[in-house]
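Summary of structural features
Residues per chain, in single letters:
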Amino acid sequence: MTSPDTLRRPRPVRTPGGPPPAAGRRRRIRRANPVAGVASVLWLAVVLVPLYAMISASLTRQDEALGHNALRPPAHPTLRNYDTVLHSGFGHFLANTVLVAAAVVAIVLVLCVPLSYAAVRSRSFWSGASFRLFLLGVAIPAQAVVVPLYLMIAKLNLYDSLLAVILPTAAFAMPVSVLILTGTLRDISEELYEAMALDGASTTRMLFRLVVPLARGGIGTVVVYASLQAWNGFLFPLIFTQSDGPRVLTLGLFTYVSEFGVDIPALLASVVLSGIPVLAVYLVARRALVGGLMGVGGK
């Protein structure tokens, strides 16, 4: 009878400096996926073509804007539209938007980090009920409660102020932020909590010495998400403000719209300038954003 050892094939031995075994080469060779390549090129075109058309139109003169082909470079490129934008209150609108975004991020972090920590660590009825209440807030659109919010802000004498934009924006950013942070905090090992508890650490010390450093990915995701919600917000500034004092970038675009027409090149130049800070924040925090979103599901 043939022994099992004789039926085994000897492993290919690779000599120093020689080529890798055939099996190793087969494992390392990846099959080409033409469908994925074509889909990637199409998606890249979908993203880049509108961006190119917007930048190209922002460099076009006003008298050439209507008859200009969006895919053709401008015949007489000019930076006059950007100069017009920078001298028509863009700096004031930008400062208001930055202030609103910073305040919204601060409120969301101060409230959502301890709340998510309590939802993950506490086993009480109230912590679970609070977490489910925040999850319910994900399903409530802002348009459905804009009238009660307007009445509340009017009663509090906050109408036509930046607080009238900051508070509702932070409130509607909190449900998703709590969902992201709870998913991140559930990935922290229970042994780490027990080790700090044996060392006599209090709940507050665990929060700041253990949870916050290990939840940097989720916190970065929340920062990006909340800042984008504040930066791109249009409904609350439109309803809760009226004068030019608290006006933000999204409402500042109306500066180039009049009853006689629209200054399309200046409008698109304003859009380009307002998108640069958002792009910078995304490039800096993209790794934290992806890592935090991967932890939303929890364990």
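Everything below is about the structure shown above.
**Quick notes on empty space enclosed by the protein**
Where empty space is left can be seen by rolling a probe of water-molecule size over the atoms. In this structure the tally under the stated criterion is one cavity of 30 Å³ or more. Within this model, the largest cavity holds a volume of roughly 50 Å³. Around the largest cavity, the lining residues are T97, V100, V165, T169, A230, W231, G233, P237, V248, L249 and T250. If you list the elements that add at least two residues to the lining of the largest cavity, you get α5 (90–121), α8 (163–185), α11 (216–231) and α13 (249–252). Counted by class, the lining of the largest cavity contains seven nonpolar, four polar and no charged residues.

**Regarding the environment of A129**
Within the secondary structure, A129 is located in helix α6 (residues 125–138). A relative accessible area of 23% means that A129 is categorised as partly exposed. Residues A129 and A119, spaced 10 residues apart in sequence, show a C-alpha to C-alpha distance of 9.1 Å.

**Here's the deal with the packing of aromatic side chains**
Tallied over the full model, the rule gives five aromatic pairs. Among the aromatic residues, those joined into a ring-pair cluster are F172, F236 and F240.

**Some thoughts on the side chain of T97**
Residue placement: T97 occurs in helix α5. Only 3.0 Å separates the side chain of T97 from the backbone nitrogen of L249, close enough to count as a polar contact. Apart from the residues lying within four places of it in its own chain, the contact partners of T97 are W231, V248 and L249.

**Concerning α8**
Taking 1.5 Å of rise per residue, the 23 residues of α8 would be expected to cover 33 Å, and the 30 Å separating its terminal C-alpha atoms lies within 8% of that figure. At M174, α8 shows its strongest bend, of approximately 35°, with the proline P175 following within four residues. Across the 23 residues that make up α8, a large majority, 17, are buried.

**A look at the packing of α5 against α11**
It is the contact of α5 with α11, at a shortest axis distance of 8 Å, that shows an interaxial angle of 140°. Judged on the interaxial angle alone, α11 and α5 are oblique. Note on packing geometry: the crossing formed by α5 with α11 is right-handed. The segment α5 lies against α11, with L94, T97, V98, V100, A101, V104, V105, V108 and L109 engaging I219, V222, V223, A226, S227, A230 and W231.

**Focus: a nonpolar patch on the surface**
Taken together, the side chains of W43, L44, V46, V47, L48, L51 and I55 make up a nonpolar region of the molecular surface, amounting to roughly 670 Å² of accessible area. Along the polypeptide, I55 turns up in helix α3 (residues 34–58). According to the relative accessible area criterion, I55 is partly exposed, its value standing at 35%.

**Description of the pattern of salt bridges**
Inspection of the entire model under this criterion finds two salt bridges. Here E190 and R121 are joined by a salt bridge, their closest N and O atoms 3.0 Å apart. With E190 in helix α9 (residues 190–198) and R121 in helix α5, this residue pair connects regions lying 69 residues apart in the sequence. On the basis of relative accessible area, R121 is assigned to the partly exposed category, the value being 27%. With its nearest N and O atoms 3.4 Å apart, the salt bridge here joins R247 to D244. Residue classification places D244 among the partly exposed residues on the basis of a relative accessible area of 48%.

**What to know about the layout of surface pockets**
Estimates place the volume of the largest pocket at around 440 Å³. Along the walls of the largest pocket sit 20 residues, with L149, L167, P168, A171 and F172 positioned nearest its centre. Of all the secondary structure elements, the ones that give two or more residues to the lining of the largest pocket are α6, α7 (146–155) and α8. A per-element tally of the lining of the largest pocket places α8 first, with eight residues. Looking at the lining of the largest pocket, its residues break down into 19 nonpolar, one polar and no charged.

**A look at the packing of α6 against α8**
Contact pair α6 / α8: the axes reach a minimum separation of 7 Å and the direction vectors enclose 125°. It follows from the interaxial angle that α6 and α8 lie oblique. The interaxial crossing formed by α6 with α8 has left-handed handedness. Along the contact surface, α6 presents F131, F134, L135, G137 and V138, while α8 presents M174, P175, V176, V178, L179 and T182. Residues belonging to the contact of α6 with α8 are distributed by class as follows: nine nonpolar, two polar and no charged.

About the criteria used
Residues numbered from 1 in each chain as written. Predicted model: local features only at pLDDT ≥ 70, side-chain atom pairs only at ≥ 80, totals over all residues. Heavy atoms only, no water. 1 Å grid on protein atoms, 1.4 Å probe; cavity = no way out; pocket = protein on both sides within 12 Å on 5 of 7 lines; lining within 4 Å. Points joined across faces, edges and corners; volume = space filled by probe spheres on them. Helix = DSSP H or I, 4+ residues; strand = E, 2+ residues; numbered from the N terminus. Nonpolar A, V, L, I, M, F, W, Y, C, P; charged D, E, K, R; others polar. Buried < 20%, exposed > 50% of the residue type's maximum accessible area, 1.4 Å probe, protein only. Phe/Tyr/Trp six-rings, centres within 6.5 Å; stacked < 30°, edge-to-face > 60°. Polar contact = N/O pair within 3.5 Å; in protein donor to acceptor, adjacent residues only side chain to side chain. Contact = heavy atoms within 4.5 Å. Expected span 1.5 Å × (residues − 1). Bend = angle between axes of the 7 residues up to and from the residue. Axes fitted to C-alpha atoms, helices over the stretch in contact; angles between N-to-C directions. Parallel < 35°, antiparallel > 145°, perpendicular 65-115°, else oblique. Left-handed = near helix turned anticlockwise from the far one by under 90°. Patch = residues over 30% accessible without salt bridge, like charges linked within 9 Å, V, L, I, M, F, W, Y side chains within 5 Å. Areas by Shrake-Rupley, 256 points an atom, 1.4 Å probe, with all protein chains shown as cover. Salt bridge = Lys/Arg side-chain N within 4 Å of Asp/Glu carboxyl O.

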